[in-house]
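Read off the chains here:
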Amino acid sequence: MPIVRMTPDTLNEENRRFEQAPLRQTLFLNSVPKCGSHLLRNIIRMFVPVEQQYHEQFLQWANLGEHLSALDAKRPQVSWGHLFFADNSAMELAHARKILLVRDPYSWVLARARFFLSDEFSGNVDRLKNGELTVPELLNLMIFGIYQKAPPMYDIFTNNAVAWLGTGVHLIRYEDLVGHLKALDGRDAEYFFGTLLEACGIAMPDDWRERVRVGSDRKQSGTARENLSGIAIDFPDELPDIQKRLVNYASPGLRAILGYS
């Protein structure tokens, strides 16, 4: 599997500043890669005892068999990762509470491209970092995949997100999460995070806003956009119109089923 280089955070120490209630049911934070996985993970970590957090690995299909202890119903923990919907993953998570984080495919294409070109990512596509390809060429590779090296957007979203819909997952969108973080003192944010915590099986404490602020500190996330290093190409802030049309061609109906117009 590709290697992701992460700077250690200090959130375990921050967690101990707060009174923690034991997690009573297994919780899995599932997400499409590059949809804010670390942001969601770090927020929820502020509401669960460190001893009930599975830090050994991001769970994925390729390593699921090695980390089944993270999903043990008799020993509730919170774990996180990018799990396909398949027979084994569905059965191993049948007893667990499941959160599913997605992102607008338009912005996902840009996020994936930035990450592939960063020093924090190393894999079989490192040749992309040599500067020979233009931005449009790189974006098209993110949409349609790289033959025998990286799957297309359609496969990633289908297996990691769409196939989980209707199975009892609690769906949240990256854009909604970020929007409520920017207006954390509002009642809409209270409803959003209250609903999220309820779906996680966590009672909402009085100091929930402070916990969310600590967990969402972007300095604590090695994969936050501003913390990525070594990117020698300037990407646009918004996906160009032609690439938006290519997303719609490559994955018709994807944005709609995830709740994007």
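Everything quoted here is computed from the prediction, not taken from an experiment.

Enquirer: Help me understand the overall build of the chain in this model?
Expert: In terms of helices and strands, the chain carries eleven helices and seven strands. Considering only residue pairs separated by 6 or more positions, the chain has 78% of its internal contacts joining residues 24 or more positions apart. Accessible surface, the chain: about 13,000 Å² in total, of which carbon and sulfur atoms supply 50%.

Enquirer: Would you explain the sheet that holds strand 2 (residues 27-31) in this entry?
Expert: Hydrogen bonding along the main chain pairs the strands of a sheet, whether they run parallel or antiparallel. A sheet is described by the order of its strands in space; here five strands give the open sequence 3-4-2-5-7, paired in parallel fashion. Strands with a single pairing partner mark the edges of an open sheet, and in this sheet they are strand 3 (59-60) and strand 7 (170-173). Direction of pairing for strand 5 (residues 97-102) relative to strand 7: parallel, over a ladder of four bridges. Residue pairing for strand 7: L101 is matched across the bridge by I172. Running at roughly 65 degrees to strand 7, helix 7 (residues 174-182) makes contact with strand 5 and strand 7 of the sheet.

Enquirer: Explain the nonpolar core to me, please; I cannot follow it from the model alone.
Expert: It is characteristic of soluble globular proteins that their nonpolar side chains tend to be buried jointly. Counting 76 residues, the largest nonpolar core has L40, I44, I99, V109, F193 and F235 as its most contacted members. With near-sequence residues (within four places) excluded, V109 lies in contact with L139, M142, I143, M153, L239 and V247.

Enquirer: Explain helix 10 (residues 241-250) to me, please; I cannot follow it from the model alone.
Expert: Given 3.6 residues per helical turn, the α-helix brings residues three or four places apart onto the same face. Turning to helix 10, its buried residues are Q243, K244, L246, V247 and A250. Down the axis of helix 10, the smallest arc covering the buried residues is 160 degrees, so these residues share one side. Turned more than 90 degrees from where helix 10 packs its buried face, D241, R245 and Y249 sit exposed. Tucked inside the fold, the buried residues of helix 10 contact helix 4 (105-117), helix 5 (135-144) and helix 6 (153-160).

Enquirer: When you look at empty space enclosed by the protein in this model, what are you seeing that I'm missing?
Expert: Gaps left between atoms are located by rolling a probe of water-molecule size over the structure's atoms. Using the criterion set out here, one finds one cavity of 30 Å³ or more in the structure. Roughly 50 Å³ of volume is contained in the largest cavity. When contributions to the lining of the largest cavity are tallied by element, the ones reaching two or more residues are strand 2, helix 2 (37-45) and strand 4 (78-82). Within the lining of the largest cavity, the residues separate by chemical class into four nonpolar, four polar and one charged.

Enquirer: Just to check I follow, could you spell out unusual backbone geometry for this structure?
Expert: Most of the time, phi is negative for any residue but glycine, and the peptide bond is trans. Unusually for a residue other than glycine, K34 sits at a positive phi of about 70 degrees. Along the polypeptide, K34 turns up in the loop between strand 2 and helix 2. A positive phi is found at Q148, a non-glycine position, where the angle reads about 60 degrees. By the element assignment, Q148 lies in the loop between helix 5 and helix 6. In this structure Q148 comes out as exposed when scored by relative accessible area, which is 68%.

Thresholds applied
- Residues numbered from 1 in each chain as written.
- Predicted model: local features only at pLDDT ≥ 70, side-chain atom pairs only at ≥ 80, totals over all residues.
- Heavy atoms only, no water.
- Helix = DSSP H or I, 4+ residues; strand = E, 2+ residues; numbered from the N terminus.
- Contact = heavy atoms within 4.5 Å.
- Areas by Shrake-Rupley, 256 points an atom, 1.4 Å probe, with all protein chains shown as cover.
- Pairing = 2+ DSSP bridges.
- Axes fitted to C-alpha atoms, helices over the stretch in contact; angles between N-to-C directions.
- Core = buried A, V, L, I, M, F, W, Y, C linked by side-chain atoms within 4.5 Å.
- Buried < 20%, exposed > 50% of the residue type's maximum accessible area, 1.4 Å probe, protein only.
- Arc of directions from axis to C-beta.
- 1 Å grid on protein atoms, 1.4 Å probe; cavity = no way out; pocket = protein on both sides within 12 Å on 5 of 7 lines; lining within 4 Å.
- Points joined across faces, edges and corners; volume = space filled by probe spheres on them.
- Nonpolar A, V, L, I, M, F, W, Y, C, P; charged D, E, K, R; others polar.

As far as function goes, none of this settles anything; it's purely spatial.
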